[in-house]
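An overview of the molecular structure
As a plain string of letters, each chain reads:
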Amino acid sequence: MRPLTYSRATDIDDAIALAAANPDSAFLAGGTTEVDLIRAGMSGTRHLVDINDLPLSAVEGGPGGGLLIGALARMSDVARAPSVVRRYPAISQALLLSASQQLRNMASIGGNLRQRTRCAYFRDGVSPCNKREPGSGCAALDGWNRGHAILGTSERCIATHPSDVAVALVALDAVIQTMGPDGERAIPSDDFFLLPGTTPETEQPLARGELIVGIAVPGAPVAARSTYLKFRDRQSYEFALVSVAAALETDDGIVTDVRLALGGVGTKPWRARRAEAALIGGPADEAAFGRAASAELAHAVAREHNAFKIEVTRRAMVRALSHTLKGARP
Ligand SMILES: Cc1cc2nc3c(=O)[nH]c(=O)nc-3n(C[C@H](O)[C@H](O)[C@H](O)COP(=O)(O)OP(=O)(O)OC[C@H]3O[C@@H](n4cnc5c(N)ncnc54)[C@H](O)[C@@H]3O)c2cc1C
Ligand code: SF4
């Protein structure tokens, strides 16, 4: 049996100090990921710092007409907040298509961003896995890799990032706000998730004891014309095989602003910047959407079982953009 200690932080400074003082500590929010991993013997955590008493649950207006989501806001509360439903539909839809109602009632937004991959080799505790045990190899490269990534992969790791809402947040240029032993930071969400490269064990650029306190989403008008489309093996309670967050503004049939990000196919929530560049200033029609999707996917690297994701992603991108254009839900 492995000893595990627990403390309950009284305020933000206390949480940071408690976590910074314990090398093998982890924050405990809803516990829906951390407790699972501890139970499965998959987490190196020896000390839990419970942050549930911290005043970080608000969903409110941010500077410049934007949105500020507290790190401890529960997924279901964010999904239902009227300002999110009205002005950031992709965020609301991504949350409502995540996990189950019970999990969404418990799970926090901060914890969601830090959840670990669902790669089965990572979670079985015995297969070679560079993310779990650096230098041990990657069983997925030549194994059953149907659910694995086609974008941002390396020879060390091809695991996907499992979060849905992170895809919408990356598309909408959200910024992750942190506080830690060295002060406050504002990290663009696209930089918050790291590519695996040669160090897949490092997933976010956080220091020990650094706490996510909130997520700021800019108030860009295009966000109100956003949507989230998720393809999965069954229609509920399942992670994405392919997902798309899309936001689109047009003027007289010409694309004036567009945001696109992909889930289920990248080693991080994947901002589709090549597709965006191909679309901006051009016609907003299905042919152009298809060409833009192909431009993004030209850089995909498929393995034995996941090549189908390239065509599914292309179709999902076209569908999400077409529905956004019509103002309809996919
Ligand atoms: C069966 C199942 C199905 C799921 N399906 C989906 C799905 O379809 N889509 C999806 O997106 N997610 C899905 N999830 C993941 C779920 O959304 C996450 O488990 C949840 O969001 C994590 O939040 P939490 O508050 O419970 O985090 P915790 O388990 O408390 O923490 C998770 C990690 O984040 C760290 N952490 C927590 N808060 C902070 C903070 N403020 N600052 C820094 N670090 C922090 C913890 O130390 C820990 O390492 C599923 C989970 C399960 C169990
Ligand atoms: S894909 Fe990544 S997480 Fe999965 S076995 Fe390989 S190294 Fe581990």
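Residues numbered from 1 in each chain as written. Chains lettered and ligands numbered in written order. Predicted model: local features only at pLDDT ≥ 70, side-chain atom pairs only at ≥ 80, totals over all residues. Heavy atoms only, no water.

1. Describing the side chain of Thr 227
Selection criterion: By definition, any uninterrupted DSSP run of H or I lasting at least four residues is a helix, any uninterrupted run of E lasting at least two residues is a strand, and each is numbered from the N terminus. Here the term buried applies to any residue with accessible area under 20% of the maximum for its type, exposed to any over 50%, and partly exposed to those in between, with areas from a 1.4 Å probe on protein chains only. We define a polar contact as two N or O atoms separated by no more than 3.5 Å, with the added condition that, inside protein, one atom must be a possible hydrogen donor and the other a possible acceptor, whereas residues neighbouring each other in sequence contribute only through side-chain atom pairs.
You can see Thr 227 is positioned in strand 9 (residues 226-231). Judged by relative accessible area, Thr 227 falls into the buried class, the value being 3%. Among the polar contacts made by the side chain of Thr 227, one reaches the side chain of Gln 93 at a distance of 3.0 Å.

2. A short note on the domain arrangement of the chain
Rules: Domain extents, as shown, originate in an automatic or database domain assignment.
Domain boundaries assigned for the chain yield domain 1 (5-53) and domain 2 (226-326). A straight line from the C-alpha centre of domain 1 to that of domain 2 covers 36 Å.

3. Notes on the nonpolar core
Keep this limit in mind: Among buried residues, those of type Ala, Val, Leu, Ile, Met, Phe, Trp, Tyr and Cys that are joined through side-chain atoms within 4.5 Å constitute a nonpolar core. Note on contacts: a residue pair is in contact if any heavy atoms of the two residues lie within 4.5 Å.
Residues Ile 91, Leu 113, Ile 215 and Val 217 are the most contacted members of the largest nonpolar core, which totals 40 residues. Looking at this core, the elements that each hand over two or more residues are strand 5 (67-70), helix 3 (75-80), helix 5 (89-96), helix 7 (109-113), helix 9 (165-171), strand 8 (211-217) and strand 10 (242-251). Broken down by element, the residue count for this core peaks at seven residues, all from helix 9. Excluding residues that lie within four positions of it along the chain, Ile 215 makes contacts with Leu 67, Leu 68, Ile 69, Ile 109, Leu 113, Leu 169, Ala 174, Val 175, Ile 176 and Gln 177. If you look at the next biggest cluster of nonpolar residues, it comprises 28 residues, including Ala 246, Ala 275, Leu 279 and Ala 316.

4. With respect to the site of ligand 1
For clarity, the threshold we go by: Consider each residue's heavy atoms; a residue with any of them within 4 Å of a molecule or strand counts as near. All accessible areas in this document rest on Shrake-Rupley with a 1.4 Å probe, and a residue is counted as covered only by the protein chains that are shown. Here the term charged refers only to Asp, Glu, Lys and Arg, the term nonpolar to Ala, Val, Leu, Ile, Met, Phe, Trp, Tyr, Cys and Pro, and the term polar to all other amino acids, Gly among them.
Neighbouring residues of ligand 1: 31 residues in total, closest Phe 27, Thr 32, Thr 33, Ser 108 and Asp 164. At a separation of 2.8 Å, an oxygen atom of ligand 1 approaches a polar backbone atom of Gly 30. Considering ligand 1 on its own, with 980 Å² of exposed area, one finds that the protein chains cover 94% of that surface. Of all the secondary structure elements, the ones that give two or more residues to the shell around ligand 1 are strand 2 (25-28), helix 2 (34-39), helix 7 and strand 8. Here the shell around ligand 1 takes three residues from strand 2, the largest share from any one element. Here the residues of the shell around ligand 1 sort into 15 nonpolar, ten polar and six charged.

5. Some details on the packing of aromatic side chains
Formally: Pairing of aromatic rings covers Phe, Tyr and the six-membered ring of Trp, with a centre-to-centre limit of 6.5 Å; geometry is then stacked below 30 degrees between planes, edge-to-face above 60, and tilted otherwise.
Under the defined criterion, the tally for this structure stands at one aromatic pair. Judged by centre distance (5.1 Å) and plane angle (90°), the ring pair of Phe 192 and Phe 193 falls under edge-to-face. Per residue, the accessibility class of Phe 192 equals that of Phe 193, and both read buried.

6. Remarks on the pattern of salt bridges
Operational definition: Between Lys or Arg on one side and Asp or Glu on the other, a salt bridge is scored when a side-chain nitrogen of the former is within 4 Å of a carboxyl oxygen of the latter.
If you walk through the whole model with that rule in mind, you get 19 salt bridges. Two residues, Arg 80 and Asp 77, come together in a salt bridge whose shortest N-O distance is 3.6 Å. One end of the pair is Arg 80 and the other is Asp 77, both in helix 3 and three residues apart, which spans about a single turn. Salt bridges sharing partners connect three or more residues here, namely Asp 173, Asp 257, Arg 259, Arg 271 and Glu 276.

7. With respect to helix 5
For helix 5, a buried count of seven out of eight residues is recorded, marking the element as mostly surrounded by other parts of the structure. Three or more residues of helix 5 are buried, namely Pro 89, Ala 90, Ile 91, Ser 92, Gln 93, Ala 94 and Leu 95.

8. Section: the site of ligand 2
Close contacts around ligand 2 come from 15 residues, with Cys 119, Cys 129, Cys 138, Arg 156 and Cys 157 the closest. Tallied by class, residues from the shell around ligand 2 come to eleven nonpolar, two polar and two charged.

9. Observations concerning the sheet that holds strand 10
Convention followed: Here, any two strands with at least 2 DSSP bridges between them count as paired. Between N-to-C directions, angles span 0 to 180 degrees; the directions come from axes that are lines fitted to C-alpha atoms, helices contributing only their stretch in contact.
Spatially, 9-10-11-12 is the arrangement adopted by the four strands of the open sheet, whose pairing is antiparallel. Looking at the sheet topology across the chains shown, the edges are occupied by strand 9 and strand 12 (270-271). Sheet topology places strand 11 (residues 254-263) next to strand 12; two bridges connect them, and they run antiparallel. The residue bridging Ala 261 from the neighbouring strand is Arg 271, located in strand 12. Each of strand 9, strand 10 and strand 11 touches helix 13 (residues 308-326); the most contacted strand, strand 10, lies at about 35° to it.

10. Description of the environment of Thr 313
Looking at where Thr 313 falls in the secondary structure, it is placed in helix 13. Of the residues examined, Thr 313 reaches a relative accessible area of 0% and is grouped as buried. When neighbours within four sequence positions are excluded, Thr 313 is seen to be in contact with Ile 150, Val 242, Leu 262, Val 265 and Leu 297. Engagement of the side chain of Thr 313 in a polar contact is seen with the backbone oxygen of Lys 309, the distance being 2.4 Å.

11. Description of the sheet that holds strand 1 (residues 5-8)
Taken together, the three strands give an open sheet; going across it, the order is 1-3-2, and neighbouring strands pair in parallel fashion. The sheet is open, and its two borders are formed by strand 1 and strand 2, each paired with just one other strand. On average, adjacent strands in this sheet sit at an angle of 25° to one another, irrespective of strand direction. Of the pairings in the sheet, the one linking strand 1 to strand 3 (residues 47-50) comprises four bridges and is parallel in character.

12. Details of helix 1 (residues 12-21)
Think of an α-helix as 3.6 residues a turn; residues three or four steps apart then line up on the same face. The line we're drawing: The directions considered for the arc run from the helix axis to the C-beta atoms.
Residues Ile 12, Ala 15, Ile 16 and Ala 19 constitute the buried set of helix 1. Angularly, the buried residues of helix 1 cover 95° about the axis, an arc narrow enough to put them on a single face. Residues of helix 1 that are exposed and point over 90 degrees away from its buried face: Asp 13 and Ala 21. Tucked into the core, helix 1 has its buried residues touching strand 2, strand 3, strand 6 (175-180) and strand 8. Where helix 1 starts, the residue carrying a side-chain oxygen 3.3 Å from the main-chain nitrogen of Asp 13 turns out to be Asp 11.

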